[in-house]
Amino acid sequence: ATTSGTNNTRYIRPTGNMYLSFYRQNAPVDITFHSVTVQEVGQDWTPYTSGTSTVDFPSTGAELNIDALNSNVGIYQSGIFTLGKSYKIVLSMKATSAFDAEILESSGALLISTIGAVSLTTSYQTFTLYHLGTGTYDLFIHRLYTETLGASQTISIQSVIVQQLDTNDRWVTFADPD
């Protein structure tokens, strides 16, 4: 239990489907939740590594550890995009030094289309990108392939949100009433 004005963070590692419920422990009291955030940490992301680069999933998100030879490293999530659907992608990322990362529509780590490049700093920044899906493809986040400053550095990904902008899978058109 916590007192007023404090944050309470819990990490849960489910082994199957689960429900998240809130119950009071004692006599009836008024409880106010200002926000409840459920954040997926590392689930359904597939690491892509080359050389001795590695991917870790600490409780804070994902870490892409680039080796001394600047070998590519990234993470991807399968089947995120659909042909013709519009998406808003919001990422919170930083690095151990300033260099660029790249966000792609991919098939695994194979480039389908470039969504955008982001310039990382040593503080978390929020990046917002928009994309029109070109097929049933993956979201791939990695150090920019042509980047030369990333050797022996780490990219930290705090969060990734992909929102389909036409969520009802339909467009509504109105005829001229005259």
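Described below are features of the structure shown in this document. (Residues numbered from 1 in each chain as written. Predicted model: local features only at pLDDT ≥ 70, side-chain atom pairs only at ≥ 80, totals over all residues. Heavy atoms only, no water.)

1. Brief notes about the overall build of the chain
- When helices and strands are tallied, the chain shows zero helices and 10 strands.
- Counting from the amino terminus, helix and strand elements in the chain follow one another as β-β-β-β-β-β-β-β-β-β.
- In the chain, buried positions account for 34% of the 178 residues.
- In the chain, once contacts between residues fewer than 6 apart in sequence are set aside, the share between residues at least 24 apart is 71%.
- Within the structure as shown, the chain displays about 12000 Å² of accessible surface, and the carbon and sulfur contribution to it stands at 49%. (Helix = DSSP H or I, 4+ residues; strand = E, 2+ residues; numbered from the N terminus. Buried < 20%, exposed > 50% of the residue type's maximum accessible area, 1.4 Å probe, protein only. Contact = heavy atoms within 4.5 Å. Areas by Shrake-Rupley, 256 points an atom, 1.4 Å probe, with all protein chains shown as cover.)

2. Some thoughts on the sheet that holds strand β4 (residues 73-77)
- In spatial order, the strands read β1-β4-β9-β6-β7; together these five strands make up an open sheet with antiparallel pairing. Each edge of the open sheet is held by one strand with a lone partner, namely β1 (46-49) and β7 (110-120). In this sheet, adjacent strand axes meet at a mean angle of 25° when their direction is disregarded.
- Pairing of strand β6 (residues 99-107) with strand β9 (residues 138-143), which is carried by six bridges, proceeds in the antiparallel orientation. Bridge assignment links S106 to a residue of β9, and that residue is D138. (Pairing = 2+ DSSP bridges. Axes fitted to C-alpha atoms, helices over the stretch in contact; angles between N-to-C directions.)

3. Let's talk about the packing of aromatic side chains
- Across all of its chains, the model carries three aromatic pairs by this definition.
- Seen in terms of ring centroids, Y76 and F140 are 6.2 Å apart; in terms of plane orientation they differ by 70°. Their pairing is edge-to-face. Note that Y76 is positioned in strand β4 and F140 in strand β9, a separation of 64 residues in sequence. Both residues of the pair, Y76 and F140, belong to the buried class.
- The interplanar angle of 80° and the centroid separation of 5.0 Å between the aromatic rings of F81 and Y87 together place this pair among those described as edge-to-face. We note that F81, like Y87, is buried. (Phe/Tyr/Trp six-rings, centres within 6.5 Å; stacked < 30°, edge-to-face > 60°.)

4. A look at the environment of S113
- Following the sequence through the fold, S113 ends up in strand β7.
- For S113 and G133, which are 20 residues apart along the polypeptide, the C-alpha to C-alpha distance reads 9.1 Å.
- Dropping the residues within four chain positions of it, S113 is found in contact with L104, E105, H131 and T134.

5. Looking at the side chain of N70
- Mapped onto the elements, N70 comes out in the loop between β3 (62-65) and β4.
- Leave out the neighbours within four places in its chain, and N70 touches R143, E147, T148, G150 and A151.

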